[in-house]
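Below are the chains, spelled out letter by letter.
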Amino acid sequence: MAATTTTAASVSAAGAGGAGAEDRVLATAQQIVKSLNNAPKDVRDDMLLIFSSFDNRLSNIKTVMTDQNDALLARLEAAETVIHRWDGGNDSSRHSSSSSGNHHRCSSFSLSFDESPEEATEFLSAVDEIISLLEDLSSENKPDMVDRADSALQMVMSQLEDEFRRILIRNTVPLDAERLYGSMRRVSLSFADGDVVEDFENFGLVADGEGSGNGSRRRLFHERGGSIGCDLWVDLINPTAVEDLKEIAERMIRAGYEKECVQVYSAVRREALDECLAILDVEKLSIEEVQKIDWKSMDEKMKKWIQAVKIAVRVLLAGEKKLCEEIFSGSESSGEVCFNETTKSCVMQLLNFGEAVAIGRRSSEKLFRILDMYDALANVVQCLEVMVSDDFVCREARGVLEALGDAARGTFVEFESNVRNETSKKPTANGEVHPMIRYVMNYMKLIVDYAATLESLLEKDELDGLSRDDSTEESSPLAKRMLRLMTSLESNLEEKSKLYEDGAFRYVFLMNNIYYVVQKVKDSELGKLLGDDWVRKRRGQIRQYATGYLRASWSKVLSALRDENVGGSPSYGRGSSSSASKMALKERFRGFNASFEELYRLQTAWKVPDPQLREELRISISEKVIPAYRAFFGRNKSQIEGGRHAGKYIKYTPDDLESYLPDLFEGNQLVIHPRRKSS
């Protein structure tokens, strides 16, 4: 009771300042009563009685306190009325609404922002009121009212959560894959000369529907993945719904329901992104499943993956980031968590396929698709790291990128090994370009299109086995590898040429193949990598092969045109009129005819595919053979023409021979011997 007297004295002293201090006195008294909220009710009543008896100015404290309590209760009840009106599961609320004449609400008792925007605004105001009440009650000792407000908050948060989910699902915009594909700029790489190649088992090639087995052939074609323009954008959520989602998210976070809000958003949007990947034809496959896919199917899946990676990061993830920033603008941390949780599954699904490809069996034909995958991921990984703050996902992305780089490097090494060790023992039937040479050169032409990527991947590799004549210290890593590849290719070609027993045929085979190689190098970016000196040396080789061909093929023919041992004269143009010399001369003509006809029979079946090389060879033959035969024919025909059976020995004029030369190297297997074209 002493404490009560002291307190009353304090109030009296506070009021001694005159009428001007009346408000302060009243406020102080209210604060004192308020501080006794935890005291028993009779103690509080005693204090109010003391105040009112002590000074009539304090007689209305109880009324003021009661009014404040009533105001809080009125606010709560008003808010409850609004939120119960939207509670579709509350039968009493539904009955109350119907009986009171609010028939327009009977058809929609569940919360729907897009169908009832005005009521939604009213509902959100009620939510704000409840949150504010709980904030105001935090300093009051009103447990019953706090429990009631908290119960109302739980109900309203459940409603908002459902509506948040419904808006997200209803307003998700399906991905238009055709529009995205149509906007991508594609680069197609193929061989302008229309080369086709046979399949090689040790190069890992598989026939693709144009036959199978040893005779299958196919056109080489490679389409690089398209690039996406920086201005490409798609709406993942209907823009008109974003503001409603933002309003709900702000209130759930303010009320302490951030976790629930993030979970709903992440679950719905994660499923939407999974659906986007399905639309882009990206399947969920385990590493084991990927390893079992045949190459033709795998190639298609790799192409789709390349497109999907670009679209996923540049379009889907970028759009998702923007959405999270807009919807959770009031809470940066919530937006970040939402984005990471939403996109992790999508990103990991893509990365898992990339990893499966990287650790798969290496074969030459996979190189360019793996390089496409590497480039696609390399071009988006920095963008991915800027958006995603999940360290695990970023490490995985870098790890898969590195693994794809290792796979590309290893596949390139595998290709080099295949070139060195290609051991097919079947020579081409007519000496033309070997299918392996076509394949390797066209493969190397494609390699050049990936020069920038391969330069970076091969930069740290140590390399030996290069000739000093071909390599310089200034050569780039890729140039050195290509030079070594060419060395291996030429060595392999030299071994294959030994399959031809006919020396002249061997030279034609080497000529055809080296000429083809030089043309491929000269007409592409390979020329810049290998250098002009390399091309000049190979042109010199071609001339040497041509000389070797002429010597091996036509020496026997030309030897029949010499006059040695004809009439004892070692020189041309000094024939003998004796019967012995005539017989020897006839044998010379007979020998020439036989040699020429045998060459004609063989070499019309040989093939020189390149028209320029074919014409150059014919000119060389003409320049070497026709003048010699013309001279021999002019010196000796008079000695034979007057005798019996002259046509048996003089079967061809010089003009005849010249007219037969265009038949050579046409690959005509049906020609057996030349037919006389003039009399």
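Preceding this paragraph is the structure being described.
This write-up is about the structure you can find in this document. Every value quoted in this text rests on a predicted model; they were computed, and no experiment measured them.

**A closer look at the packing of aromatic side chains**
- What the rule picks out here adds up to 22 aromatic pairs.
- Centroid distance Tyr507 to Tyr545: 6.3 Å. Interplanar angle 40°. Geometry classified as tilted. Of this pair, Tyr507 sits in helix α19 (residues 503-522) while Tyr545 sits in helix α21 (residues 532-559), placing them 38 residues apart in sequence.
- For Tyr507, a relative accessible area of 24% corresponds to the partly exposed category.
- Tyr545 sits in the buried class, given a relative accessible area of 12%.
- Note on Phe589 and Phe632: the rings are 5.0 Å apart at their centroids and 55° apart in plane angle, and the pair reads as tilted. With Phe589 in helix α22 (residues 579-603) and Phe632 in helix α23 (residues 611-641), this pair connects stretches of sequence that are 43 residues apart.
- Three or more aromatic residues joined by ring pairs make a cluster, and in this case those are Trp554, Phe592, Phe596, Tyr600, Tyr629, Phe633, Tyr652 and Tyr660.

**Considerations on helix α15 (residues 391-421)**
- Taking 1.5 Å per residue, 31 residues should reach 45 Å; α15 reaches 44 Å between its end C-alpha atoms and fits that length.
- One side-chain oxygen at the N-terminal end of α15 lies 2.9 Å from the backbone nitrogen of Phe392; it belongs to Asp390.

**Overview of unusual backbone geometry**
- Residues other than glycine seldom take positive phi values, yet Asp281 does so here, at roughly 65°.
- Its location among the elements puts Asp281 in the loop between α10 (258-279) and α11 (287-291).

**A look at the nonpolar core**
- If you look at the biggest cluster of nonpolar residues, it comprises 178 residues, and the most contacted ones within it are Phe164, Met441, Ile447, Met482, Tyr549 and Trp554.
- Take this core: its biggest share by element is 17 residues, from helix α12 (residues 295-327).

**Some thoughts on the environment of Trp554**
- In this fold, Trp554 is placed in helix α21.
- Residues Trp554 and Phe596, spaced 42 residues apart in sequence, show a C-alpha to C-alpha distance of 8.5 Å.
- Not counting residues within four places of it along the chain, the set of residues in contact with Trp554 comprises Tyr549, Phe596, Leu599, Gln603, Ile621, Val625 and Leu664.
- A polar contact of 3.2 Å, which involves the side chain of Trp554, links it to the side chain of Tyr549.

Rules used throughout
- Residues numbered from 1 in each chain as written.
- Predicted model: local features only at pLDDT ≥ 70, side-chain atom pairs only at ≥ 80, totals over all residues.
- Heavy atoms only, no water.
- Phe/Tyr/Trp six-rings, centres within 6.5 Å; stacked < 30°, edge-to-face > 60°.
- Helix = DSSP H or I, 4+ residues; strand = E, 2+ residues; numbered from the N terminus.
- Buried < 20%, exposed > 50% of the residue type's maximum accessible area, 1.4 Å probe, protein only.
- Expected span 1.5 Å × (residues − 1).
- Polar contact = N/O pair within 3.5 Å; in protein donor to acceptor, adjacent residues only side chain to side chain.
- Core = buried A, V, L, I, M, F, W, Y, C linked by side-chain atoms within 4.5 Å.
- Contact = heavy atoms within 4.5 Å.

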